[in-house]
Amino acid sequence: MTSTDFLGYDELDAALVRMRIGADASELHGSLCGYLAGGGSLDKQPLLTALEFEGGEAVVPAPHDQALLERLATESRGELADPELGFEPLLPADDRPLAERAEALVEWCRGFLGGFGLAGAGAHAQLSDEAQEILRDLTTIAGSAFDFGDESEDEDALIEVHEFVRMGAMLLFAECHSAQRPANDTLH
């Protein structure tokens with residue numbers, strides 16, 4: 001559960017429509033989180049350029065939208081690094097239809113994998129077996145199409161997949177960032 005102070009799905013989605021970005025809030029957030037988890041940095045380039053969104057270099061967001069994107073990046077990095085495990089993928093609210101929420105989770109995973117790949121291969125080459133398995137599972141989720149039957153069982157299944165995705169993203173972030181630290185602390 002996220003705080004009301006954090007950027008919401010609908011707010012980000014509306015901004016992406018205004019900026020004419022061909023992605024929804026879940027895909028963009030997934031891409032950003034994958035990029036950050038994989039060790040990517042936004043220090044030297046705008047978020048849309050770093051994530052290589054089509055037209056991202058040509059888009060010059062209005063000041064309000066630029067501030068919103070910067071806020072999203074700051075919040076996402078903070079949540080991924082949260083020792084209290086407070087990270088949440090940015091998805092439609094729980095009162096939205098199950099099919100919409102499931103598709104958004106699939107889009108989030110697709111975005112995450114793309115962003116993770118963009119971050120570079122440095123830390124990726126040294127991923128643990130557990131981290132590699134998480135990436136394989138995220139790939140399976142990203143390629144999924146859901147078949148709905150019993151609403152209660154489907155809701156429980158989505159909650160379970162959501163929790164796996166949430167924890168997997170944090171584990172990948174922690175592992176890639178711990179893999180970077182020793183290189184910075186090593187004396188030669």
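Look up: the structure comes first, before these words.
Just so it is clear, the model here is predicted, and its values are computed rather than measured. (Residues numbered from 1 in each chain as written. Predicted model: local features only at pLDDT ≥ 70, side-chain atom pairs only at ≥ 80, totals over all residues. Heavy atoms only, no water.)

**A word on a negative patch on the surface**
So, point 1. Side chains of Asp150, Glu151, Glu153, Asp156 and Glu160 sit close together on the surface and give a patch of like negative charge.
So, point 2. Mapped onto the fold, Asp156 is located in helix 7 (residues 151–185). (Patch = residues over 30% accessible without salt bridge, like charges linked within 9 Å, V, L, I, M, F, W, Y side chains within 5 Å. Areas by Shrake-Rupley, 256 points an atom, 1.4 Å probe, with all protein chains shown as cover. Salt bridge = Lys/Arg side-chain N within 4 Å of Asp/Glu carboxyl O. Lys, Arg positive; Asp, Glu negative; His and termini not counted. Charge placed at Lys NZ, Arg CZ, Asp CG, Glu CD. Helix = DSSP H or I, 4+ residues; strand = E, 2+ residues; numbered from the N terminus.)

**A short note on the packing of aromatic side chains**
So, point 1. In the structure shown here, the tally under the stated rule is three aromatic pairs.
So, point 2. Between the aromatic rings of Phe87 and Trp108, the centroid separation amounts to 6.0 Å while the plane-to-plane angle is 50°, which identifies the pairing as tilted. On the criterion of sequence distance, the pair formed by Phe87 in the loop between helix 4 (63–80) and helix 5 (98–118) and Trp108 in helix 5 is long-range, its members being 21 residues apart. Accessibility assignment for this pair places Phe87 and Trp108 in one class, buried.
So, point 3. For the ring pair Trp108 and Phe112, a centre distance of 5.3 Å and an interplane angle of 20° mean the geometry is stacked. Here Trp108 and its partner Phe112 are both found in helix 5, four residues apart, which amounts to about one turn of the helix.
So, point 4. With relative accessibility at 0%, the residue Phe112 sits in the buried group.
So, point 5. Cluster of aromatic residues (ring-pair linked, three or more members): Phe87, Trp108, Phe112 and Phe116. (Phe/Tyr/Trp six-rings, centres within 6.5 Å; stacked < 30°, edge-to-face > 60°. Buried < 20%, exposed > 50% of the residue type's maximum accessible area, 1.4 Å probe, protein only.)

**Side note on the packing of helix 2 (residues 25–37) against helix 4**
So, point 1. Across the interface, helix 2 lies against helix 4 with an axial gap of 10 Å and an inter-helix angle of 55°. Classified by the angle between their axes, helix 2 and helix 4 sit oblique to one another. For the pair helix 2 and helix 4, the crossing hand works out as right-handed. Contacts between helix 2 and helix 4 involve Leu28, His29, Leu32, Cys33, Leu36 and Ala37 from the first element and Leu69, Leu72, Ala73, Ser76, Arg77 and Leu80 from the second. (Axes fitted to C-alpha atoms, helices over the stretch in contact; angles between N-to-C directions. Parallel < 35°, antiparallel > 145°, perpendicular 65-115°, else oblique. Left-handed = near helix turned anticlockwise from the far one by under 90°. Contact = heavy atoms within 4.5 Å.)

**Some words on the nonpolar core**
Soluble globular proteins tend to bury their nonpolar side chains together.
So, point 1. Counting residues in each nonpolar core, the largest one holds 51 residues, and the members touching the most others are Leu12, Leu28, Leu47, Trp108 and Phe112.
So, point 2. Listed by contribution, the elements that provide at least two residues to this core are helix 1 (9–18), helix 2, helix 3 (47–50), helix 4, helix 5, helix 6 (129–142) and helix 7.
So, point 3. Examining the composition of this core, we find that eight residues originate from one element, helix 5, more than from any other.
So, point 4. Setting aside residues no more than four positions away along its own chain, Leu28 makes contact with Leu12, Leu16, Leu47, Leu48, Leu51, Phe53, Leu69 and Leu72. (Core = buried A, V, L, I, M, F, W, Y, C linked by side-chain atoms within 4.5 Å.)

**Notes on the pattern of salt bridges**
So, point 1. Per the counting criterion, the structure on display carries ten salt bridges.
So, point 2. One salt bridge connects Arg96 with Asp10, and the closest N-O pair in it is separated by 3.1 Å. Taken together, the residues span a long stretch of sequence, with Arg96 in the loop between helix 4 and helix 5 and Asp10 in helix 1 at a distance of 86 residues.
So, point 3. We classify Asp10 as partly exposed; its relative accessible area is 46%.
So, point 4. The salt bridge partner of Arg110 is Glu103, with a shortest N-O separation of 3.8 Å.
So, point 5. Taking the relative accessible area as the measure of exposure, Arg110 reaches 38% and is therefore partly exposed.
So, point 6. Judged by its relative accessible area of 36%, Glu103 falls in the partly exposed class.

Function cannot be inferred from these measures alone, as they are strictly geometric.
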